[in-house]
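Single-letter residue listing:
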Amino acid sequence: MDNGISAGHTQHPLHYSFAQAFGERGADHEAVVHDADMISAVQFSPKGDAIATGDKGGRIVILQKVEGGSRARRYHRKKRTHKTPHISPRSLSGSQPDEEATAVEPPEFRFWTQFQSHESEFDYLKSMEIEEKINEIQWCRQINGAYRLLSTNDKTIKLWRVSEGSVRSISEYAVDLYKANRPYTHPHSNTIANGKARGPRQLEIPRMLNQGQSITATSRRTFANAHMFHINSLSISSDDVIFLTADDLRINLWNIELGGPGLGVLDIKPENMEDLTEVLTAAVFHPRLCHIFMYSTSRGTVKLCDLRESAFCNGWVREFEDMYKEESAQSRFSEIVASISDVQFSPCGRYILTRDYLHLRVWDIAMEREPILTVPVEASIALRLRDLYDQECVFDKFQCCFSCDGGSLVTGSYNSLLRSFSKDTGDSFSASASVDFVSGAASRRSYPSEELGQLRKDCLTVLYL
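Please read all numbers here as calculations on a predicted model, not as lab measurements.

**Thoughts on the pairing of strand β26 (residues 428–432)**
In this structure, strand β25 (residues 417–422) lies alongside β26, joined through 5 bridges in antiparallel fashion. Residue pairing in the sheet places Arg419 in a bridge with Ser430 of β26. Between the end of β25 and the start of β26, which pair antiparallel, lie 5 residues, with Gly426 showing a positive phi angle near 85 degrees.

**Overview of the environment of Pro46**
By secondary structure assignment, the location of Pro46 is in the loop between β1 (39–44) and β2 (50–55). When its relative accessible area of 65% is taken as the criterion, Pro46 is described as exposed. Distance from Pro46 to Arg141, taken between C-alpha atoms, is 8.0 Å for residues 95 residues apart in sequence.

**Digging into the side chain of Ser163**
Relative to the helices and strands, Ser163 resides in strand β9 (residues 157–172). There is a polar contact of 3.3 Å between the side chain of Ser163 and the side chain of Arg161. Those residues within four positions of Ser163 in sequence are excluded, and the remaining contacts are Ala146, Ser214, Ile215 and Thr216.

**Quick word on the pattern of salt bridges**
Within the structure shown, the criterion is met by 17 salt bridges. Between Lys56 and Asp35 there is a salt bridge, with the nearest N and O atoms lying 3.8 Å from each other. A residue pair is termed long-range when its members are at least 10 positions apart, and Lys56 in the loop between β2 and β3 (59–66) and Asp35 in the segment before β1 qualify at 21 residues. On the basis of relative accessibility, which here comes to 33%, the residue Lys56 falls in the partly exposed class. Assessed through its relative accessible area of 57%, Asp35 is described here as exposed. Here Glu278 ties to Lys303 by a salt bridge, and the two come within 3.9 Å at their closest N and O atoms. Taken together, the residues Glu278 in the loop between β14 (263–267) and β15 (280–285) and Lys303 in strand β17 (residues 301–306) connect sequence positions 25 residues apart. Through salt bridges with shared partners, a single network forms among Arg148, Arg221, Asp240 and Glu257.

Cut-off values and rules
Residues numbered from 1 in each chain as written. Predicted model: local features only at pLDDT ≥ 70, side-chain atom pairs only at ≥ 80, totals over all residues. Heavy atoms only, no water. Pairing = 2+ DSSP bridges. Helix = DSSP H or I, 4+ residues; strand = E, 2+ residues; numbered from the N terminus. Buried < 20%, exposed > 50% of the residue type's maximum accessible area, 1.4 Å probe, protein only. Polar contact = N/O pair within 3.5 Å; in protein donor to acceptor, adjacent residues only side chain to side chain. Contact = heavy atoms within 4.5 Å. Salt bridge = Lys/Arg side-chain N within 4 Å of Asp/Glu carboxyl O.

Written out as C-alpha cells, the structure is:
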C-alpha cells in the first residue's frame, strides 16, 4: 500500500491508499485460494527492493521491485496531464509544500522467483507431524549481491542464499565432436596415427555462449533439534551475526555463519508443568544494540534483557506491565485479552510497541511504571467478550509495527482493516485491504465492526520497511 510519505513533510497518522495486489483470480472474478497457498509470513528486505512471502505449503515467493514499470509510466503520464502549479517563494521555503512536490512515485513489484523452503516431516519420538507452513521470514545482509534470508516452520530454521547469474554453455569446441571415432592421438604428439599432421595453430579456444539469466536458491545451513514447542518468533541482531528463536518456553541463540547447536539463553519451563503460569509469545532484538533483546508473555508483561549481564537470562533489566486495569476488562476474560501477541522496537530503539487483543501500547524504555500511550483498537467489541469467547475469536493474534520514522503505529484488525495511529496524539486512520476492496466491491459494501454477526476472522498481517 502506498503511504505517500514525503521527505520533509510527514503527517501522522499515515494515510494509506491501494497500490498493488498480488494473487490469482478465477474466471468468475472470485479469488481462487487453496489452503496450501494461504500466506503465513511476509517480510520486506532491508533496502525495500524485495518482498518475501511464505505460505502454508512451505514455499517462499520473492517479489522484486522494478524501475520504470507500467505503474511508473502511468504515473508519469498522469502527472504530465495535470497543469504545473505556480511555485511561490513561500513554497520554496518549505513552509507549505505543494501537493505535486510531495507526491511519491508508487513502487511496482513483480514476481522474481519461488522455491520450496520446508517439507512436511514426522517426529517419530513424539508421534506428531511437523507441518511445512512458514511461520517467520527474516532477511539477512547481502553478500556479493546475493539475497540471504532465514525461514522457519514449527521446528526447523533454514538459511537460504538466492542469487541471479548468467547461464553459459560451450558453443564451439577445439576438437570436432563428429570425428570422435578417429584413431587415438597421444596428447603430446602433433602427428595423428593415420599419418595426418595437426599443428598447434589448428587448436582453438572453446567459445562460451550466454544462454540467459538463472535464479538459484541454495540452502546454506539448517538449524534444528533445539525447540520442544512450536517456534513463534525469529529475530536477527543488528550486527547480523546471531539470531534468536523463541517458542512457548524457551529462547535460543544461533550463529548464522558457524551454525551448530543453539545456545539456550532463557528457559521458563518449571519442574512441574502444573506450576506453569505464563508462556512466551514474542521475542525481538534491539534494532541498534546487538546485546539487548526483549520478550513478551501471555500475562501482558514485556521484559528487557541484556546479554552482557549473563549468558543465561534468568533475570531482566527492565519489566513493563500496565498495572492499570479498566473496569470493563475486569472479568474472567481479562487474562486472555491481556496476552501480548506482538512486540516491536521503534526504529530509534527508545520506544516499545505492544499489541494485545484490544489495545496498542507504547512504552518508553526509561519509564516502566506505565505506557506513554494506550490506544483502544477494538473498542467496539470490548463489551462483547463472552460472544467472542464462544466463537474462539479472543485467541486471534494480531501483529503491529512502527512506521519508518517512528511517528505512526500500524496494526491489523478484523474485516481486513489496516489501522494507523499517531504515536503522539492517538489519532487513527483505517483502510480496507480485502479482496473486495481491490476488485471495487468494497465501495458498495461496508464493514460494521460493531456487528458481531458480520465479524470476519481474516486477521491482517502488517509490516513496514
